[in-house]
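Each chain is listed here by its residues.
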Amino acid sequence: MPVVELGRIWGLVTAAILLAAFGAAAILSRRLTRPISLLAAAAKEVAQGKLETQVEVNSQDEIGDLATAFNRMVDAVRTNATRIMRRREELQALVNLSDTFLGSLDVDVALESALHEALTATQFEAGLAVLMNEAEDELVTRAEVGLSEELVGSRFPVNRLTVAGYCVLQRT
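Conventions we followed
By convention here, each chain's residues receive numbers from 1 onward along its written sequence. Where local features are concerned, this predicted model is filtered to residues with pLDDT of at least 70; where side-chain atom pairs are given and counted, the filter is 80 or more; whole-chain, interface and lining totals use all residues. Heavy atoms throughout the structure, all of them, feed into the side-chain values; hydrogens and water do not. Definition used in this section: a nonpolar core is a set of buried Ala, Val, Leu, Ile, Met, Phe, Trp, Tyr and Cys residues joined via side-chain atoms within 4.5 Å. Three exposure classes are used, based on accessible area relative to the maximum for each residue type with a 1.4 Å probe and protein chains only: buried under 20%, partly exposed in between, and exposed over 50%. Strands here mean DSSP runs of E at least two residues long; helices mean DSSP runs of H or I at least four residues long; both are numbered from the N terminus. Multiplying one less than the number of residues by 1.5 Å gives the expected span of a helix. In this charge count, Lys and Arg are treated as positive and Asp and Glu as negative; neither His nor the chain ends contribute. Every case where a carboxyl oxygen of Asp or Glu lies within 4 Å of a side-chain nitrogen of Lys or Arg is listed as a salt bridge. Distance and chemistry together define a polar contact, namely a pair of N or O atoms within 3.5 Å, with one atom able to donate a hydrogen and the other to accept it when in protein, and with adjacent residues in sequence counting only for side-chain atoms on both sides. Here the term patch refers to residues with relative accessible area over 30% and no salt bridge, with like charges joined within 9 Å and nonpolar side chains (Val, Leu, Ile, Met, Phe, Trp, Tyr) within 5 Å. For every accessible area listed, the method is Shrake-Rupley and the probe measures 1.4 Å; residues are considered covered only by the protein chains on display. The rule for pairing is simple: two strands pair if DSSP sees at least two bridges between them. All axes are obtained by fitting lines to C-alpha atoms, using only the stretch in contact for helices, and the reported angles, taken between N-to-C directions, cover 0 to 180 degrees. We call two residues contacting when some pair of their heavy atoms lies within 4.5 Å.

**Comments concerning the nonpolar core**
Here is step 1 of the chain: By size, the foremost hydrophobic cluster in this structure holds 8 residues: Leu-39, Ala-42, Val-46, Leu-51, Val-55, Ala-67, Phe-70 and Val-74.
Here is step 2 of the chain: Secondary-structure elements contributing two or more residues to this core are α1 (3–47) and α2 (62–103).

The structure is reproduced here in structure tokens:
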């Protein structure tokens, strides 16, 4: 075999090896960068407030561990955001209540407002504000929210025959 032909074959083999190496590097690079790109896109979604975002965990290597940690982090952020929103609503209810107390000397209006704010903060639908009249040994309904207005002014004896009366008797 002439040296020229051997050089040409050697050149073709080298070119084929280099082409295969570049192809393998491109495939490996894409396999590594695609999950990282998806994770980066998910992080941008979370940064925009989309706290329901999760990433698929397709491997059990370091990238899979990172995806799992990301999903746990998003869950924790969502839980904390929900908790903060509830606290904010509770604080707003207190601000509203203080505005009412400072702006009104009418006890019944203040009680109704306090009851409304307490229901909002606890996410209940209805309630009564009942006060103890020790001189008459009775409970008197002074405000209602979400119930019949006819209940306002109702009187309950403090005894073991009514739930409210029994509860008062149990106080220390």
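**So, helix α3 (residues 107–122)**
What sets the pattern is the α-helix's 3.6 residues per turn: residues three or four places apart point alike.
Here is step 1 of the chain: Here α3 spans 22 Å end to end across 16 residues, near enough to the 22 Å set by a 1.5 Å rise per residue.
Here is step 2 of the chain: Among all positions in α3, only Ala-110, Leu-111, Ser-113, Ala-114, Leu-115, Glu-117 and Leu-119 are buried.
Here is step 3 of the chain: Directly after α3, the chain includes Gln-123, whose backbone phi takes a positive value near 60°.

**As for the side chain of Glu-144**
Here is step 1 of the chain: Secondary-structure assignment places Glu-144 in strand β2 (residues 138–145).
Here is step 2 of the chain: Here Glu-144 is buried and forms no salt bridge, its nearest opposite-charge partner Arg-142 lying at an N-O distance of 13 Å.
Here is step 3 of the chain: From its side chain, Glu-144 meets the backbone nitrogen of Gly-146 in a polar contact 3.4 Å long.
Here is step 4 of the chain: Of note is the side chain of Glu-144, whose polar atom sits 3.0 Å from the backbone nitrogen of Leu-147.

**Considering a nonpolar patch on the surface**
Here is step 1 of the chain: Taken together, the side chains of Ile-9, Val-13 and Ile-17 make up a nonpolar region of the molecular surface, amounting to roughly 250 Å² of accessible area.
Here is step 2 of the chain: Using a relative accessible area of 37% as the deciding quantity, one classes Val-13 as partly exposed.

**Brief notes about the sheet that holds β2**
Here is step 1 of the chain: The strand order β1-β2-β3 describes an open sheet built from 3 strands, whose pairing is antiparallel. Each of the sheet's edge strands pairs with one partner strand only, and the pair in question is β1 (127–133) and β3 (155–157). Strand-to-strand twist of the sheet, defined as the mean angle between neighbouring strand axes without regard to direction, takes the value 30°.
Here is step 2 of the chain: Pairing analysis gives 7 bridges linking β1 to β2, with the strands arranged antiparallel. Within the sheet, the bridge partner assigned to Asn-133 lies in β2 and is Glu-138.
Here is step 3 of the chain: Set on the sheet, α3 makes contact with β1 and β2; between it and β2 the angle comes to about 65°.

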